[in-house]
Amino acid sequence: MDVADIVERFRRAAFGLEDWQDALAGFAGATDACVVHLIGMDRSGAVAFDLIRGVTPDMVDTFVREGGLSRHTNPRTGVAIDGPMLRTVFDDALLSRHERDALPIYRNLFDRADAGFAALTRLRVPGCDAILSLLRPRSFLDSADREAHIIDAAAPALSDIMAQAVALGAGLDRTVAKPPSCWSSACSSSMATGARCRCRGGARRGWRRPGR
């Protein structure tokens, strides 16, 4: 699947012509990603859109337990907050192998969950802080920039599509499956982006990034 096909799937999903999960699956297949996540917050900190594929409740629990909400224990959180706009950042470009091995969240969660390497791209969506996250078990830097090119090439169009989708309210809260109990897509947001889940007793509420 090329960039045009990926973008077209998301465009169709925004207009209700295709399921968001099909669009996420197409992006996952093109980049060999186990997790694909698109998340956006409006200026009040409420979720504007939250589309995710590949995260389980157990992964979320471990993420919180291992301090994933802190940029000091999880460098991905820092990228999600203030990384460059429309430019993909790879966590293994920021950390040496020794530094990665020294962080419990990589050993106890990311590596075990086939999410050891991340490509993170902040999207430009008016009125929102938005990020695209792709996670997989091998480095994106080992692929001769093929996957990195796909992500970078798709990001501007995805920014425009998500802006349209927000305006249309096009089914913007989707997970792979709705598990029982209190786990919700708001909780899953924390896994990929470092967002602070604020759900209580199964009721989905707004959340916000650390420091906001």
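Conventions we followed
- Residues numbered from 1 in each chain as written.
- Predicted model: local features only at pLDDT ≥ 70, side-chain atom pairs only at ≥ 80, totals over all residues.
- Heavy atoms only, no water.
- Helix = DSSP H or I, 4+ residues; strand = E, 2+ residues; numbered from the N terminus.
- Buried < 20%, exposed > 50% of the residue type's maximum accessible area, 1.4 Å probe, protein only.
- Contact = heavy atoms within 4.5 Å.
- Areas by Shrake-Rupley, 256 points an atom, 1.4 Å probe, with all protein chains shown as cover.
- Expected span 1.5 Å × (residues − 1).
- Arc of directions from axis to C-beta.
- Polar contact = N/O pair within 3.5 Å; in protein donor to acceptor, adjacent residues only side chain to side chain.
- Axes fitted to C-alpha atoms, helices over the stretch in contact; angles between N-to-C directions.
- Parallel < 35°, antiparallel > 145°, perpendicular 65-115°, else oblique.
- Left-handed = near helix turned anticlockwise from the far one by under 90°.
- Nonpolar A, V, L, I, M, F, W, Y, C, P; charged D, E, K, R; others polar.
- Salt bridge = Lys/Arg side-chain N within 4 Å of Asp/Glu carboxyl O.
- Patch = residues over 30% accessible without salt bridge, like charges linked within 9 Å, V, L, I, M, F, W, Y side chains within 5 Å.
- Core = buried A, V, L, I, M, F, W, Y, C linked by side-chain atoms within 4.5 Å.
- Pairing = 2+ DSSP bridges.

Student: Even after reading the chapter, I still don't get the overall build of the protein chain, so can you show me in this structure?
Tutor: Scanning the protein chain for helices and strands turns up 9 helices and 6 strands. Expressed as a percentage of its 212 residues, the buried residues of the protein chain come to 51%. Here the analysis covers contacts within the protein chain between residues at least 6 apart in sequence; of these, 63% occur between residues at least 24 apart. Per element, the accessible surface of the protein chain, about 9,200 Å² overall, is 51% carbon and sulfur.

Student: Please explain helix 1 (residues 3-14) as it appears in this structure.
Tutor: Side chains of residues three or four places apart in an α-helix project in the same direction, reflecting 3.6 residues per turn. Taking 1.5 Å as the rise per residue, helix 1 with 12 residues should run 16 Å; its terminal C-alpha atoms sit 17 Å apart, in good agreement. By the burial criterion, the buried members of helix 1 are Ile6, Val7, Phe10, Ala13 and Ala14. What you see down the axis of helix 1 is that its buried residues fit within an arc of 120°, all on one side. Each element contacted by the buried residues of helix 1 is listed here: helix 2 (20-31), strand 1 (35-42) and helix 8 (146-168). Its side-chain oxygen 3.3 Å from the backbone nitrogen of Ala4, Asp2 forms the N-cap of helix 1. Downstream of helix 1 by one or two residues, Gly16 has phi in the positive range, about 75°.

Student: What am I meant to see in the packing of helix 2 against helix 8 here?
Tutor: The geometry of a pair of packed helices is captured by two quantities: the angle between their axes and the separation between those axes. Axis separation between helix 2 and helix 8 bottoms out at 10 Å; the angle between their running directions is 165°. In this view, helix 2 runs roughly antiparallel relative to helix 8, as classed from their interaxial angle. In the crossing of helix 2 with helix 8, the sense of the turn from one axis to the other is left-handed. Contacts from Trp20, Phe27, Ala30 and Thr31 in helix 2 reach Arg146, Glu147, Ile150, Ile151, Ala154, Leu158, Met162 and Ala165 in helix 8. Among the residues making up the contact of helix 2 with helix 8, the classes are represented as 9 nonpolar, 1 polar and 2 charged.

Student: Mind showing me how you'd approach the pattern of salt bridges here?
Tutor: It is possible for side chains of opposite charge to pair when their charged atoms get near one another. This structure, assessed with the given rule, holds 13 salt bridges. One salt bridge connects Arg138 with Asp32, and the closest N-O pair in it is separated by 3.0 Å. Here Arg138 is found in the loop between strand 5 (128-136) and helix 8, whereas its partner Asp32 is found in the loop between helix 2 and strand 1, with 106 residues between them in sequence. Residue Arg138 is classed as partly exposed on the basis of its relative accessible area of 33%. Across the pair Arg76 and Asp91 runs a salt bridge, and its minimum N-O distance is 2.8 Å. With Arg76 in helix 4 (residues 75-82) and Asp91 in helix 5 (residues 91-94), the pair connects residues that are 15 residues apart, well separated along the chain. For Asp91, a relative accessible area of 3% puts it in the buried group. Connected via shared salt-bridge partners are Arg76, Asp91, Arg97, Arg100, Asp101 and Asp111.

Student: Honestly, a nonpolar patch on the surface in this entry has me stumped. Any pointers?
Tutor: On the surface, a nonpolar cluster with roughly 330 Å² of combined accessible area is contributed by Phe15, Leu17 and Leu168. On the secondary structure map, Phe15 appears in the loop between helix 1 and helix 2.

Student: I tried to follow the packing of helix 1 against helix 8 on my own but got confused; where do I start?
Tutor: Orientation of helix 1 relative to helix 8, taken along the N-to-C sense of each, is 10°, at an axis distance of 9 Å. By the criterion of interaxial angle, the relationship of helix 1 to helix 8 is roughly parallel. Mapping the contact onto sequence places Val3, Ile6, Val7, Phe10, Arg11 and Ala14 in helix 1 and Ile150, Ala153, Ala154, Ala157, Leu158, Ile161, Gln164, Ala165 and Leu168 in helix 8. Class assignment of the residues belonging to the contact of helix 1 with helix 8 gives a composition of 13 nonpolar, 1 polar and 1 charged.

Student: Explanation requested: the nonpolar core in the structure shown.
Tutor: Looking at soluble globular proteins, one finds that nonpolar side chains tend to be buried together. In this structure, Phe10, Phe27, Leu132 and Met162 are the most contacted members of the largest nonpolar core, which totals 34 residues. If you tally residues by element for this core, the top one is helix 8, at 9 residues.

Student: Which parts of the structure should I look at to understand the pairing of strand 5?
Tutor: On a regular strand, each side chain points to the face opposite its neighbour's, so the side chains alternate between the two faces of the sheet. Most of strand 5 sits out of view: 9 of its 9 residues are buried. Sheet analysis places strand 1 next to strand 5, joined by 8 bridges and oriented antiparallel. Across the sheet, Asp42 pairs through a bridge with Cys128, a residue of strand 5. Inspection of the sheet shows strand 4 (residues 117-123) paired to strand 5 by 7 bridges, in the antiparallel sense. In the sheet register, Ala118 faces strand 5, and the bridge partner there is Leu135. Hairpin geometry of strand 4 and strand 5 is characterised by an intervening segment of 4 residues between the two adjacent antiparallel strands and by a positive phi of about 80° at Gly127.

Purely geometric numbers; function is a separate question.
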